[in-house]
Amino acid sequence: MTLFNELGLHDKIIKAVDDMGFVKASPIQEQVIPFAMEGMDIIGQAQTGTGKTAAFGIPLLSKIEEGSTELQSIVLAPTRELAIQVSEEINRLAKYKNINALPVYGGEDIMKQIRGLKKRPQIVVATPGRFMDHMRRKTIKLDSIHTVILDEADEMLSMGFIEDIETILEEVPNERQTLLFSATMPPRIKNISQKFMQDPKHIAVKNKTMTVDTIDQKYIELKEKDKFDALCRLIDINGPELSIIFGRTKRRVDELSEALSIRGYEVEGIHGDLKQERREKVLRKFKRGGIKILVATDVAARGLDISGVTHVFNFDLPQDPESYVHRIGRTGRAGKNGISYTFVTPREKEHLYAIEATTKRAMDKVPMPTEEQAKNARYKQAAEKLISISEKTQTEDIKEAAKLILEQYDALDIVSAALKMMTKETSNAPVKLTEEAPLRVKKKPQRSGYSRNGERSRNFPSKNRNYSGGKGERTGHNKNKQYNKKKATS
Ligand SMILES: Nc1ncnc2c1ncn2[C@@H]1O[C@H](COP(=O)(O)OP(=O)(O)OP(=O)(O)O)[C@@H](O)[C@H]1O
Ligand SMILES: [Mg+2]
């Protein structure tokens, strides 16, 4: 356990970190920061939501010359939203330093970006395609770059940015430090690192599982046609603060968000075909709680750090186990608890096994929720709302009006009516969801030494077994809590 003031950081950074509410360095931070400050190339791997951004952001800021007018570093990220988020986090860390990070991404007016670049930021956080654009236009100067960071490198590769990244890495000065980060590291990352990094130090935070323990991972086996009802019921029963639902395709995301709004949920969809402005607007709305449910494709949610996401629903299984890790990693971040539900159709069971084999964690099978349970949950929420209103002092005139009603009508009838009014309207309005074909099995997943018949024969730790006290006591044993944010004081 390391405190930030034990890492030899500049006072201004320690102060900024403190303002952000960080007390202790997370494991990836305490391992990466000292080596990165020595100037070494690093491949950093740690579970989702464990602070990889600050793990590269802090040493980066320690190296940037304050007040300089030269571009000294580029951070490459796979999506536009991530570029914005990472540059915001770097700017927060740079609060007391005269250093600026500028996000530069596709879909935003290039002239606006050129104006931003003229203000001479020392750090640019970019998507590869747009960075290439600026390189060609010579609106970005590369000669003073001494640090390159690749965030979510594996996603950039699978999105087909490999050539862009290679070109960028060939053009920036050779005398540089290169840092590469992700929660998952498929073997193809090796090629990039061998070609473009110098004797990189591989820092992987060792964990038994690839997913954090703070996420309660469940799955439901159901038919394709039952998925939508199951989803609505789960939302009603769980009452998530904020939740993200993942669909496999853009069409799926559109149809699902439309269907959910028909059923009375406040929801928006996000995927790569939407205009950039719209994507940013939807995310901002979701972040401030203006909508509670976000329906997304994998790409749209990579690396996103939104506090308050309590539930992730995998409406469709992801294409590969790595995507599963990143998807559910939108919850259970920075030591907080989260729940994920994954829908599996009978023909897709092999994919579930492949996911479990990768994460080294068995998901808990739960039954399909019933309409009865959903209804009761809706009534319970309505009753809670009603009671909380009744606990606030009511004015005399409203009490008088109530008295009059109770003199004439039966109290049970009146409370029932009030409850009915407060209960979320459900509708059976028809919704359109085009059936998704089940995922095809690419290769046989390894299942050696592990059987699904009975929990005990599994080799992977099921979440419940990690804690002797059972589910209810999990919070107290949560080892990730060690770097929890301190409570806001104001
Ligand atoms: N030392 C710390 N103490 C408390 N909170 C922290 C600490 N470091 C980072 N955080 C917070 O934890 C959250 C997750 O961090 P971050 O987004 O960097 O995770 P990540 O490891 O990059 O996850 P992903 O793999 O999903 O991209 C952020 O809100 C961040 O501000
Ligand atoms: Mg990240």
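By the naming in an unreviewed UniProt entry, the protein chain goes by ATP-dependent RNA helicase DeaD and is assigned to Acetoanaerobium pronyense. Per UniProt, the protein chain carries the Sequence similarities (unreviewed entry) text "Belongs to the DEAD box helicase family."

> Would you take a moment to explain the UniProt feature "domain: Helicase ATP-binding" (unreviewed entry) in the protein chain for this structure?
Mapped onto this structure's residue numbering, the UniProt feature "domain: Helicase ATP-binding" (unreviewed entry) falls at residues 33–203. What you have in residues 33–203 is 43% helix and 18% strand, and the ends, taken at the C-alpha atoms, are 11 Å apart.

> How should the domain arrangement of the protein chain be read in this particular structure?
Reports often express the size of an interface as the amount of accessible area lost when the parts come together. As far as domains go, the protein chain holds domain 1 (4–205) and domain 2 (215–369 + 430–453). Counting residues at the interface gives 18 residues for domain 1, matched by 15 residues for domain 2. Looking at the side of domain 1 that touches domain 2, the elements that each hand over two or more residues are α4 (80–93) and α7 (153–158). When grouped by side-chain class, the residues that make up the side of domain 1 that touches domain 2 number 5 nonpolar, 6 polar and 7 charged.

> Sorry if this is basic, but what is going on with the sheet that holds strand β3 (residues 101–104) here?
Whenever strands of a sheet pair, they do so through backbone hydrogen bonds, lying parallel or antiparallel. Taken together, the 7 strands give an open sheet; going across it, the order is β3-β4-β2-β5-β6-β1-β7, and neighbouring strands pair in parallel fashion. The open sheet terminates on both sides in strands that have one partner only, identified here as β3 and β7 (201–204). Here the strands of the sheet are splayed against their neighbours by 15° on average, with no regard to which way each runs. Where strand β2 (residues 73–76) and strand β4 (residues 123–126) come together, 4 bridges link them in parallel fashion. Its bridge partner lying in β4, L76 is registered against A126. Packing against the sheet, α4 makes contact with β2, β3, β4 and β5 (147–151), and its axis sits at approximately 175° to β3.

> Looking at this structure, I do not really get the sheet that holds strand β10 (residues 267–270). What am I missing?
The 7 strands lie next to each other as β10-β11-β9-β12-β13-β8-β14, forming an open sheet whose pairing is parallel. The sheet terminates laterally at β10 and β14 (364–365), the two strands that pair on one side only. Pairing of strand β8 (residues 215–221) with β14 involves 2 bridges; the strand directions are parallel. Considered in β14, the bridge of K218 is made with D364. Set on the sheet, helix α12 (residues 276–287) makes contact with β9 (242–246), β10 and β11 (293–296); between it and β10 the angle comes to about 140°.

> I would appreciate a short explanation of the site of ligand 1 in the present structure.
The environment of ligand 1 is made up of 21 residues, and the closest members are F22, G51, K52, T53 and A334. Here the element with the most residues in the shell around ligand 1 is helix α3 (residues 52–63); it accounts for 3 residues. Along the lines of polarity and charge, the residues of the shell around ligand 1 split into 7 nonpolar, 9 polar and 5 charged. Each of domain 1 (4–205) and domain 2 (215–369 + 430–453) accounts for three or more of the residues forming the shell around ligand 1.

> Help me out: how do you make sense of the confidence of the model for the protein chain in this one?
Detailed reading of predicted coordinates is not advised where the pLDDT is low. This prediction gives the protein chain a mean pLDDT of 89; 90% of its residues lie at or above 70. Across residues 463–482, where pLDDT falls below 50, the model places 26 contacts with residues more than four positions away in sequence or in other chains. Across residues 484–490 the pLDDT falls below 50, and counting only partners more than four positions away or on other chains, this stretch makes 8 contacts in the model. As a predicted assembly, this complex carries a pTM of 0.88 together with an ipTM value of 0.99.

> I would appreciate a short explanation of the pairing of strand β12 (residues 309–314) in the present structure.
Regular strands place their side chains on alternate faces of the sheet. Judged by how many residues are buried, β12 sits mostly within the fold: 5 of 6 residues are covered. Bridge count for β9 against β12 is 5 bridges, and the pairing is parallel. Bridging across to β12, I244 finds its partner in V312. Summarising the sheet, β12 and strand β13 (residues 338–344) pair through 4 bridges and their orientation is parallel.

> Explanation requested: unusual backbone geometry in the structure shown.
Where the residue is not glycine, phi is negative for most of them; where a peptide bond is considered, it is trans in most cases. In this structure, A334 takes a positive phi of about 50° despite not being glycine. Looking at the element boundaries, A334 is found in the loop between α14 (321–328) and β13. What makes A334 partly exposed here is the crowd of 19 C-beta atoms within 10 Å. Even without being glycine, K360 reaches a positive phi, approximately 60°. Here K360 lies in the loop between α15 (349–359) and β14.

> How should the UniProt feature "domain: Helicase C-terminal" (unreviewed entry) in the protein chain be read in this particular structure?
In the numbering adopted here, UniProt assigns the feature "domain: Helicase C-terminal" (unreviewed entry) to residues 214–374. Each end of residues 214–374 is marked by a C-alpha atom, and these two atoms are 25 Å apart; helix forms 40% of the span and strand 22%.

> Honestly, the nonpolar core in this entry has me stumped. Any pointers?
As a rule of thumb, nonpolar side chains are buried together in soluble globular proteins. Counting 108 residues, the largest nonpolar core has L76, L93, V124, V125, A126, I245 and A296 as its most contacted members. It is α3 that provides the largest number of residues to this core, a total of 6 residues. Of the domains in this structure, domain 1 (4–205) and domain 2 (215–369 + 430–453) are the two that each give at least three residues to this core. Beyond its immediate sequence surroundings of up to four residues, L93 is in contact with I13, A16, V17, A54, G57, I58 and L61.

> Looking at this structure, I do not really get the packing of helix α2 (residues 27–37) against α3. What am I missing?
Geometrically, a packed helix pair is captured by the angle between its two axes and the distance between the axes. As a packed pair, α2 and α3 sit with axes 9 Å apart at the nearest point and diverge in direction by 25°. Taken together, the axes of α2 and α3 are roughly parallel relative to one another. Our pair here, α2 against α3, has a crossing hand that is right-handed. Each of I28, Q29, V32, I33, A36 and M37 in α2 lies in contact with α3, whose residues at this interface are K52, A54, A55, F56, I58, P59 and S62. For the contact of α2 with α3, the per-class residue count stands at 10 nonpolar, 2 polar and 1 charged.

> I would appreciate a short explanation of the packing of helix α16 (residues 371–391) against helix α18 (residues 411–422) in the present structure.
Packing of α16 against α18 brings their axes to within 8 Å, and their N-to-C directions diverge by 110°. Put simply, α16 runs roughly perpendicular to α18. From α16, Y379, A382, A383, K385 and L386 reach across to α18, where they touch A418, L419 and M422.

So, how was this worked out
Residues numbered from 1 in each chain as written. Chains lettered and ligands numbered in written order. Predicted model: local features only at pLDDT ≥ 70, side-chain atom pairs only at ≥ 80, totals over all residues. UniProt positions renumbered as here; feature names shortened; annotations may be inferred. Helix = DSSP H or I, 4+ residues; strand = E, 2+ residues; numbered from the N terminus. Domains from an automatic or database assignment. Contact = placed C-beta atoms within 7 Å. Nonpolar A, V, L, I, M, F, W, Y, C, P; charged D, E, K, R; others polar. Pairing = 2+ DSSP bridges. Axes fitted to C-alpha atoms, helices over the stretch in contact; angles between N-to-C directions. Near = placed C-beta within 6 Å. pLDDT = per-residue confidence, 0-100. Buried ≥ 20, exposed ≤ 12 C-beta atoms within 10 Å, placed from the backbone. Core = buried A, V, L, I, M, F, W, Y, C linked by C-beta atoms within 7 Å. Parallel < 35°, antiparallel > 145°, perpendicular 65-115°, else oblique. Left-handed = near helix turned anticlockwise from the far one by under 90°.

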